[in-house]
Amino acid sequence: MPDQVVTVEGILKEQARMTLDDRFTFHCGVNLGCFTACCRDVSIVLTPYDILRLKKALRLDSTEFLEKHTLPLFGAQQKFPLTILRMDPEIKKCPFVTEQGCSVYSDRPWACRMYPLGVAKPKNPSPADQPFYIVLHEELCQGHGQGETRSVGEWIAEQGIEEYEMMGASFQDLVLHDFWNRDAALTPQQAEMFYMACYDLDRFRRFVFESRFLDLFEIDEARIEALRSDDEELLEFALLWLRFSLIGEKTMKIRREVLEARKQAARQSSMAATPGSVV
Ligand code: SF4
Ligand code: SF4
């Protein structure tokens with residue numbers, strides 16, 4: 001699966017914009033000389049849902065999966081931490097590629113499903129500014145012009161991309177939020193919260209159930225039960241918590257008694273700080 005990092009300028013200059021109805025001819029398979037060549041030395045950014053699927057398929061805890069198969073990426077130019085699939089350091093190939101192909105095929109990441117398509121989505125789509133697709137041409141890929149001709153929409157359906165897009169919608173909303181336009185960088189603690197909630201879901205679960213978290217927030221019992229075992233539910237909840245704690249949105253409700261206790265503590269400390277007050 002070749003690298004899909006394409007600059008916006010490059011897309012606009014060189015690539016034809018395609019809609020869901022536009023058609024292209026492509027085939028990928030074991031009969032091609034390039035089979036699995038694209039699963040080497042490639043940067044694949046993993047979404048939270050990619051990690052959820054892969055760690056489940058491999059029966060790994062998310063912490064173990066991240067340590068074993070990913071590299072964190074949080075450079076000075078980045079607003080928030082990313083996670084990329086770690087290539088084998090010796091032979092620079094994806095840990096999941098075999099001679100027969102992808103060993104995690106039914107749970108392969110979104111980027112691997114999309115290839116050879118790339119997508120550009122405007123932040124606020126309007127009639128004049130709609131998402132569009134492009135066909136990426138990597139030199140090593142011999143699949144172009146081979147096999148069936150199908151529409152972009154048919155490719156998306158065949159590759160199981162709709163489920164990934166649906167499960168990725170909340171994450172996409174979060175990372176496209178205006179919050180990230182501010183100048184201030186995340187503090188190390190905020191970056192750690194983001195990483196845990198988005199990528200290290202089993203650690204986030206332990207945080208919810210093994211800290212004072214449930215004493216602080218009003219969460220109904222049915223949801224608490226779901227969070228114990230349902231990873232998809234937990235991921236949606238983790239993203240709501242990030243919106244609450246990073247962005248300050250009212251996506252979570254603090255328990256009334258916690259708010260009262262905080263008010264009381266604030267009153268006491270202001271009285272203690274007032275000269276002449278009776279404590
Ligand atoms: S996950 Fe599968 S398809 Fe994607 S790069 Fe690895 S082996 Fe290739
Ligand atoms: S056809 Fe393209 S995507 Fe398929 S194995 Fe060859 S290089 Fe990879």
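Everything discussed here concerns the structure shown above.
Quantities reported herein were computed from a predicted structural model and do not represent experimental measurements. (Residues numbered from 1 in each chain as written. Chains lettered and ligands numbered in written order. Predicted model: local features only at pLDDT ≥ 70, side-chain atom pairs only at ≥ 80, totals over all residues. Heavy atoms only, no water.)

## Topic: the site of ligand 1
Taken together, C39, I44, C94, F96, V97, C102, P109 and C112 make up all the residues around ligand 1. Applying the majority rule of atoms within 2 Å of the grid points places ligand 1 in the second largest pocket. By residue class, the composition of the shell around ligand 1 is eight nonpolar, no polar and no charged. (Near = heavy atom within 4 Å. 1 Å grid on protein atoms, 1.4 Å probe; cavity = no way out; pocket = protein on both sides within 12 Å on 5 of 7 lines; lining within 4 Å. Sits in = over half its atoms within 2 Å of the grid points. Nonpolar A, V, L, I, M, F, W, Y, C, P; charged D, E, K, R; others polar.)

## Focus: the pairing of strand β7 (residues 132-135)
Residues F132 and I134 of β7 are buried on one face, and the alternating residues Y133 and V135, pointing to the opposite face, are buried as well. Here strand β6 (residues 117-120) pairs with β7 via four bridges, running antiparallel. Paired with L117 across the strands is V135, a residue of β7. (Buried < 20%, exposed > 50% of the residue type's maximum accessible area, 1.4 Å probe, protein only. Helix = DSSP H or I, 4+ residues; strand = E, 2+ residues; numbered from the N terminus. Pairing = 2+ DSSP bridges.)

## Examining the pattern of salt bridges
Per the stated rule, a full pass over the model turns up 18 salt bridges. Taking the shortest distance from any N to any O, the salt bridge between D231 and K55 comes out at 2.7 Å. In this pair, D231 sits in helix α11 (residues 231-247) while K55 sits in helix α2 (residues 48-57), placing the two residues 176 residues apart along the sequence. Of the two residues, D231 and K55, both sit in the buried class. A salt bridge links R228 to E225; the nearest nitrogen and oxygen atoms lie 3.0 Å apart. With a gap of three residues between them, R228 and E225 both fall in helix α10 (residues 221-229), about one helical turn apart. Residue E225 is classed as partly exposed on the basis of its relative accessible area of 44%. Each of K55, D202, R205 and D231 takes part in one network of salt bridges that share partners. (Salt bridge = Lys/Arg side-chain N within 4 Å of Asp/Glu carboxyl O.)

Everything listed here is a matter of geometry and, on its own, says nothing about what the molecule does.
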